[in-house]
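# Chains, contacts and geometry: an overview
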Amino acid sequence: GINAEYGVASGQITHMGFKADVIVWDFENKVAYTTFTLHKVKVEALAFSPSDKYLVTLGGRDDSSVVVWDLENREALCGAPSALQSAGTVYTVRFMNTSDDRFV
């Protein structure tokens, strides 16, 4: 994902048993702004909030969780399962266009 303040965020893919990092890059200075480590194996998708205050990340099939990160304080605000196991796998996440407190 790309945003105005931080530049770029990337989600990593690792191997079974390892955590997958989310890296938020300070594109202007070409350095990592922060790294979040919570998802297992893969970060499937991520999105910045409209105000660029938050980042939502979606873990892959082995993780099945969604996490909202506070970018200024560099910490997780909340997390939850991304879907019921019987509903299948979730592949994408996005904030609503005008709201920092709603995503799909």
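Preceding this section is the structure that the text describes.
Attention here is on the structure that accompanies the text. (Residues numbered from 1 in each chain as written. Predicted model: local features only at pLDDT ≥ 70, side-chain atom pairs only at ≥ 80, totals over all residues. Heavy atoms only, no water.)

### Observations concerning the packing of aromatic side chains
- Using the criterion set out here, one finds two aromatic pairs in the structure.
- For the ring pair F36 and W69, a centre distance of 4.1 Å and an interplane angle of 15 degrees mean the geometry is stacked. Taken as a pair, F36 in strand β4 (residues 31-40) and W69 in strand β7 (residues 65-70) lie far apart in primary sequence, 33 residues in all.
- Note on W69: relative accessible area 4%, which makes it buried. (Phe/Tyr/Trp six-rings, centres within 6.5 Å; stacked < 30°, edge-to-face > 60°. Helix = DSSP H or I, 4+ residues; strand = E, 2+ residues; numbered from the N terminus. Buried < 20%, exposed > 50% of the residue type's maximum accessible area, 1.4 Å probe, protein only.)

### Notes on the nonpolar core
- Within the largest apolar cluster, 13 residues are counted, with the highest numbers of intra-cluster contacts made by A9, V22, V24, F36, L46, L55 and L71.
- Mapped onto this core, the elements with two or more residues apiece are β3 (19-26), β4, β5 (43-48) and β7.
- Every residue in contact with V22, bar those within four places of it in the chain, is listed here: S10, T34, T35, F36, H39, V43, L46, L55 and T57.
- Core analysis: the second largest hydrophobic core is formed by eight residues, A45, V66, V68 and V93 among them. (Core = buried A, V, L, I, M, F, W, Y, C linked by side-chain atoms within 4.5 Å. Contact = heavy atoms within 4.5 Å.)

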